[in-house]
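Residue-level listing of the chains:
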Amino acid sequence: MTTVQASPVETPRETFVLNLGPQHPATHGVLRVKMTMDGEYVVRAEPVCGYIHRMQEKMGENRTYAQFLPNTSRIDYLSAMTCTHAFVGAIERAAKLRVPPRAEYIRVITSELNRISSHLVWWGAFLLDLGGFTPLLYAFDDREKILDLLEGITGSRLTYSYYRIGGLYNDVDEAFLKGTRQFVAQMRPRLKMYRELVTENIIFRKRLEGIGPISAEMCRQYGATGPVIRGSGVAYDVRKIEPYSVYSEFDFMAPTFPEGDSKARYLVRMEEIAQSLRIIEQGLDKLPAGPVMAEKVPRILKLPVGDYCYAVEAARGRFGVRIVSDGKEIPYRVKLRSPSLSNLSLFEEASRGMLLPDALALMGSLDLVIPDIDR
Amino acid sequence: MNPKLPPSIPFQPVDYAAKGCHFDAVIAADKVVEAAALLDGAGFVLDTITGVDWMAEGQMELVYDFFRLEEALRVAVRTRIPRDNPEIATISGVYPGANWHERETHDFFGIRFTGHPDLTPFLLPEDATYHPLRKDFVA
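The shown structure was predicted, so the numbers you read here are calculated from the model rather than taken from an experiment. (Residues numbered from 1 in each chain as written. Chains lettered and ligands numbered in written order. Predicted model: local features only at pLDDT ≥ 70, side-chain atom pairs only at ≥ 80, totals over all residues.)

### Overview of the overall build of chain B
For chain B, the helix and strand inventory stands at three helices and seven strands. Starting at the N terminus and ending at the C terminus, chain B contains elements arranged as β-α-β-α-β-β-β-β-α-β. Relative to the globule expectation of 14 Å for 139 residues, the C-alpha radius of gyration of chain B, 15 Å, shows essentially globular dimensions. Based on the C-alpha atoms only, the size of chain B along its principal axes is roughly 45 × 30 × 25 Å. Nonlocal contacts in chain B, meaning residues at least 24 apart in sequence, comprise 50% of its contacts between residues at least 6 apart. (Helix = DSSP H or I, 4+ residues; strand = E, 2+ residues; numbered from the N terminus. Rg over C-alpha atoms; globule rule 2.2 N^0.38 Å. Contact = placed C-beta atoms within 7 Å.)

### Points about the sheet that holds strand β5 (residues 74-82) of chain B
Residue and element names in this part refer to chain B. Ordered by their spatial adjacency, five strands build an open sheet running β1-β2-β5-β4-β3, and the pairing between neighbours is mixed. Each edge of the sheet is formed by a strand with only one pairing partner; in this case those strands are β1 (12-13) and β3 (45-54). Sheet analysis places β1 next to strand β2 (residues 23-26), joined by two bridges and oriented antiparallel. Note that in β2 the partner of P13 across the bridge is F23. Across the sheet, helix α3 (residues 98-109) lies against β3 and β4 (59-67), angled at about 10° from β3, the strand it touches most. (Pairing = 2+ DSSP bridges. Axes fitted to C-alpha atoms, helices over the stretch in contact; angles between N-to-C directions.)

### A closer look at the packing of helix α5 (residues 134-154) of chain A against helix α6 (residues 174-199) of chain A
Residue and element names in this part refer to chain A. Between α5 and α6, the shortest axis-to-axis distance is 11 Å and the interhelical angle comes to 165°. Between α5 and α6, the interaxial angle falls into the category roughly antiparallel. Taken as a pair, α5 and α6 cross one another with a handedness that is left-handed. Contacts from P135, D142, K145, I146, L149, G152 and I153 in α5 reach A175, F176, G179, T180, F183, M187, R190, L197 and V198 in α6. (Parallel < 35°, antiparallel > 145°, perpendicular 65-115°, else oblique. Left-handed = near helix turned anticlockwise from the far one by under 90°.)

### Brief notes about the pairing of β4(B)
All names here are of chain B. Of all nine residues making up β4, seven are buried, and the element is well covered by its neighbours. One ladder, built from nine bridges, connects β3 with β4; its direction is antiparallel. Note that in β4 the partner of G51 across the bridge is L62. As consecutive antiparallel partners, β4 and β5 are separated by six residues. (Buried ≥ 20, exposed ≤ 12 C-beta atoms within 10 Å, placed from the backbone.)

Quick look at the structure:
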């Protein structure tokens, strides 16, 4: 037992340690948090990471670029498209491969579908954290349609490995194009229903409004990105600030909310679903014809000596890859910068002095994916 | 030179289209904390910290990536330290977010960050005595 000095009262308060996880329904995946508690109040919440660490970066150093590609679908398993995008993007940059426009458009469409499906899982799980069971069923109903669409073209429901070095695994078919249009049309009224069912619910609002405030400065100091920083009023979105692929050809917004509380982060993601639908629609309208693989992608790929970086806006924020090449077939170093790690790193500071159920609401609003942290 | 960059860090322009980075600086290991403080003052965000083991040269490289929130401006600060005594001052006093990145780099490379508040294993098991990204590591 340790004691902490509680001001202004002089008597030392007795604290106890509450162990949250690594197997606990409130933590989503195997995250453990050692919580030092003063009654119901959090004195210190220390995340303990690494329970599903797989040493992805070592695997990057003992196989070729193409052989490592499937691993990139297994980092943030809810946002696999974007992680793969960053990896192939860095290689294409280094090898000076020209990806055909049709492939880039399909990358944008599938990445945004993936973003929506990821946000839907978060939405359902977050409300489950807060004690509402029903929304999860709606969310998974809508997400199922996306998974079916992506399964049709990639053969996989989560670990897509759909983007290949220089293009795509295969072209999209008519069923995908038609189904995606249908999904966009169906999803808009569903968002309205989500709003009426949950967002305007008074109990829900009381659980989130003013809870877990995170300042823009705290985000900057910890490197928090994605909906976390946009919920603190900063319009930082890699798609906007450092546009990659063909995102600069699309008309969309990076929604921000200035309050910095859990509600703001909630609203950012809900608005992002609407924006992703806009992007998908434009992509379908403008989809150019042509091949989906670059010409002459070498079978044995060796990158010129040097460092190559590529960053994308994953569902949770900035996902970056740094490849160090020594000119051989196998990368010398593959560094994966994941948004969940930086977003979680501010939790200890942000949760200090909060009530336990509020701290869990804050944690849920960060939208953590543990394999993205542990890699 | 970009006016957003602190002039006392020796940044060299990099071809963004080819490399994905705008500026790169190689500095001495004892200047890293100072450089981090300058970049912090200039409003940069610490992206990540990367170690690279250059075993043949007997050196460990550290790459500190920074970016800005307002515009496309990515910079990298690099330094090298001896491989047989890899030690460097922590920048977690400047950027609290560096804490976990440095713990991870310590896990993977055995680089000791002096002054770090808690250099215990982060992703590796709590009793780990190995550093898997060192090039001489054998599983």
